[in-house]
Each structure stands twice: as structure tokens, then as C-alpha cells.
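The chain contents come next:
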Amino acid sequence: MASKTLEGIKSIENFQIEDKRLFLRLDLNVPLDESGRITDDTRILAAMPTIRYAIDKGAKIILASHFGRPKGKPGDREKYSLEPVAAYLNDALKKEIILVEEPAANATKQLLSGLKPSQIIMLENLRFDPGEEKNDREFAQKLAAFTDIYINDAFGASHRAHASIVALPELVEKHGLGFLMRKEIEMLDRVRLNPEAPFVAVLGGAKVSDKIEVIEVLMDKVDTLIIGGAMAYTFLAAQNISTGKSLVEKDKVRFAGELLERAKARKKKLLLPVDHKITRDIKDTASLTITENAAIPEGWMGVDIGPKTIALYAQELARAKTVFWNGPMGVFETPEFAEGTFAVAQLITESSAITVVGGGDSAAAAHASGLADKFSHISTGGGASLEFLQGEALPGIGALKPIKRSDKEMLIESTGEVIEEPKRQ
Ligand code: AMP
């Protein structure tokens, strides 16, 4: 489906990539356990179609990604190395992946000149170079020096104006997006621009404050806003319903009250839990009890939504035609407190709606529910998907628009080299 956001942006299929040095900016930032094993390979799997396409077409492939947040401390190079990801791809693709320690060094260019079609090198964590997070043009120029075609398939990093996301495509004339990026944009645009009604947004998670902007934007678009997770208690507090020792953001109670008023004025349904699972302590599963109604007694805390709430939310989800889900309904990491989150996952996937899951913890919850393949789309980007929905132009997408070159605009770089200054259309 054509998406407005994609207008004017080329895709990997628009380029002749055979025998060309193809820079693939991916989001291979996967979680590891203490022994360095990958615990969730979702992001790598999501990048596979683009990698495989590049292999099939005979490109000389340069894989690039960030990995965690190295701060330049001793030991960081080992802790944040892309080595486990390179080893994973080695096995999965049955191809040798050469890991390049110093991406910006001249040696990379030389190494690439010896590379054959369909061979792959992987650059070490881009954030090892301070220039990456500074969107440094000089660092980008070093990467551009060995790049014929630039492809961004790193949706999860495209809300960051970093060198490999913004400065680099501005320097490489042949640039475009990969298959994952296209799917992310198309699916999130379906929610953002023309959602089929009834549109139900399910928001949960820990904090109202993290999601203020997205709640405000969604309020205009949805027919029903379903709220669960710890976020709900701040809304209950705004209605003077007792919340015991549940997580409440006191400084957001007024905002929650205003939202409730706004929803009423606009005739939007805003549903809150009508019962809860509560415990005496977040680590105490033995005292788990279900409340009669929305009130939580003194000394108790809410950890999940209750059965009456699930039934209430089920009615709305059954008739939905578009569903956006971000944030778990409870402390789903603890199995005893996961029932509400998994029930909502099941209800969403049973509906006939287009179902889109925002990244981060919601993606983890969708996978943990065992229903991941039943959603229309699970975004690989947490922050990126929320910023995209809020209508913010993601820097990484803006940088893929065509470059308009003008003869008048010539710049003499500090190197003494005369280059044209690229201009956005
Ligand atoms: P977020 O990143 O804002 O989507 O929040 C996800 C986190 O919210 C998860 O780690 C959940 O454990 C947590 N969470 C959800 N419901 C509750 C609750 N009732 N009390 C405490 N934490 C919660």
C-alpha cells in the first residue's frame, strides 16, 4: 500500500546493487544475557529480508549498526561489541562475516576493494566512534568514502539524528530504504493517517509521563482509548478512587483529570480498569487477590487488571477495525501478574482489525504471549514508533528524501576538496 510518508523515497529495489558497495544501516541492537548470548533475535530476523536480498543480488555488503550505549569506559569495547551478532549471522546465513574493528579507518576501504559480490563485512558498533552520536559530518564522510549505495533499514534508530542515520545519506546520492523500514512506515501510517473505525488504542506500561504526547495525539484519532498497567492508577487517582500503594505519578494526576474531561467533551470512550489484581508487595505473589471494584485498599498495590476489566475491554476489542497497542496491562515479567496482558494480546489478535504493536516492552509482551505471528505488525522501534505516531518527522526518514544539487552551492571543505553541498527538496 502506498504511503504518503514514502513519497519521493527510493527503496533498495530501485537500485542496481550488483557488485556495488552497499551500506546497510540496520538496527541489530539485540539484548544479551550475562554470558553474551542473544536472548531475543527479533530485530535480526526483521532485518533478514533486506540482507538476503542484497546477497541474492550480488552486492558487496557492509552491515552497520549501533549496539547499546557504550560510554568509552574500560571494558566497553568488549561489552558492546557486535561480535555475538556477527557470529549469529555467520550461522544463520552460512556465510563468513568479517568484523571490521575500525569502521572509519582507511583499511575498510581497502578491505572492500577485495570483497566479492555477495560477501559481507560488518562494521563494529558505530557508537564506538564519538562522531556517530554527534551526527558528525567528518565521520560520515569516512563512511561515505567506501559507500556506493546507502540503505537505511534501521527503523528503531531512525528517530535519532546520528551520523549513520542522517549525515551519511546526505553525502551518498544513491540512498533509500530497506524492506523492514518500508513495512514499519506503511503499517504505522495506516494507524496514524487513515485508521479504519472503530479505532481502539490500548495503552499501558509504567508511566503516564512517557506517553503524554502519544495519548494527546491518539485522543483525536481513536474511538476508544483503553488504559491499563500502572498508568491507569494515575487516572483513577484523578477520580479520587483509592490506589493504595500502587505506582501513581502525583505530578500527572491533574493532566490525567484533564484528559478524562477532554475525552468526555469529545464523546470518546476512555476505559479504565474496573477491578485489579493486587498484592502486598511487587515481589509477593502469594498474597495475590482480586478486588471487587476499581478501588485498591490501603497497603496493597495493583499489579495487573482483573477479570471484569478483561471482559469490559473484550467488548471494545471485538468490534475494533484498527488496534494500536503500546504498554503491558501489568507487571507481565512475573508470570502470576501476566494474565491481563496476555488476555489483551489474545483479544487483539482474535479481532478482525489491523493490529499494530508499538515496540519496546509491548513487543516483548507480544512475543511472550506466544501470539506474535498473529499481529498485523509488531514494530521493532519503541521510541521511534511512538515519535512516528505523534507525527514527528523522523530524522532518518527525512534524510532519505532526494538530494537536490545546485551548481551555485559549492563548499570547500577543510580538506581542501571541493564538494557540492546537498540540499533537501
Ligand atoms: P513501559 O516501558 O512504559 O511500556 O512500561 C513497561 C513496564 O511497566 C513493564 O516493565 C511492567 O512491569 C511495568 N508495569 C506495568 N503495569 C505495572 C504495575 N501495575 N505496577 C508496576 N509496574 C507495572
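Let me begin by describing the structure that accompanies this report. Everything quoted here is computed from the prediction, not taken from an experiment.

**A word on the layout of surface pockets**
Line of reasoning, step 1. Within this model, the largest pocket holds a volume of roughly 900 Å³.
Line of reasoning, step 2. Along the walls of the largest pocket sit 40 residues, with Asp27, Arg43, Ser379, Thr380 and Gly381 positioned nearest its centre.
Line of reasoning, step 3. At the level of secondary structure, the elements contributing two or more residues to the lining of the largest pocket comprise helix H1 (42-56), helix H8 (179-192), helix H14 (361-368), strand S15 (377-378) and helix H15 (382-389).
Line of reasoning, step 4. Here the lining of the largest pocket is composed, by residue class, of 14 nonpolar, 16 polar and ten charged.
Line of reasoning, step 5. Taken domain by domain, the lining of the largest pocket gets at least three of its residues from each of domain 1 (4-183 + 393-424) and domain 2 (197-389).
Line of reasoning, step 6. For the second largest pocket, the lining is made up of 32 residues, of which Gly205, Ala206, Lys207, Lys211 and Asp361 are closest to its centre.
Line of reasoning, step 7. Here the lining of the second largest pocket is composed, by residue class, of twelve nonpolar, twelve polar and eight charged.

**With respect to the pattern of salt bridges**
Line of reasoning, step 1. Inspection of every chain in the model, using the stated rule, returns 15 salt bridges.
Line of reasoning, step 2. When the shortest N-O distance is used, the salt bridge between arginine 319 and glutamate 316 registers 3.4 Å.
Line of reasoning, step 3. For glutamate 316, a relative accessible area of 6% puts it in the buried group.
Line of reasoning, step 4. Residues joined by salt bridges that share partners form a network here, namely Lys269, Glu316 and Arg319.

**Describing the sheet that holds strand S8 (residues 224-227)**
Line of reasoning, step 1. Read from one edge to the other, the open sheet built from six strands follows the order S9-S8-S7-S13-S14-S15, with strand pairing classed as parallel. Pairing within the sheet leaves two strands with one partner each, and these edge strands are strand S9 (269-271) and S15.
Line of reasoning, step 2. Alignment of strand S7 (residues 199-203) against S8, held across four bridges, turns out to be parallel. Across the sheet, the residue bridging to valine 200 is threonine 224, located in S8.
Line of reasoning, step 3. Each of S7, strand S13 (322-326), strand S14 (354-357) and S15 is contacted by H8, which is oriented at about 115 degrees to S14, the strand it contacts most.
Line of reasoning, step 4. Most of the contacts of helix H9 (residues 212-221) go to S7, to which it runs at about 160 degrees, and overall it touches S7, S8, S9 and S13.

What counts and what doesn't
- Residues numbered from 1 in each chain as written.
- Predicted model: local features only at pLDDT ≥ 70, side-chain atom pairs only at ≥ 80, totals over all residues.
- Heavy atoms only, no water.
- 1 Å grid on protein atoms, 1.4 Å probe; cavity = no way out; pocket = protein on both sides within 12 Å on 5 of 7 lines; lining within 4 Å.
- Points joined across faces, edges and corners; volume = space filled by probe spheres on them.
- Helix = DSSP H or I, 4+ residues; strand = E, 2+ residues; numbered from the N terminus.
- Nonpolar A, V, L, I, M, F, W, Y, C, P; charged D, E, K, R; others polar.
- Domains from an automatic or database assignment.
- Salt bridge = Lys/Arg side-chain N within 4 Å of Asp/Glu carboxyl O.
- Buried < 20%, exposed > 50% of the residue type's maximum accessible area, 1.4 Å probe, protein only.
- Pairing = 2+ DSSP bridges.
- Contact = heavy atoms within 4.5 Å.
- Axes fitted to C-alpha atoms, helices over the stretch in contact; angles between N-to-C directions.

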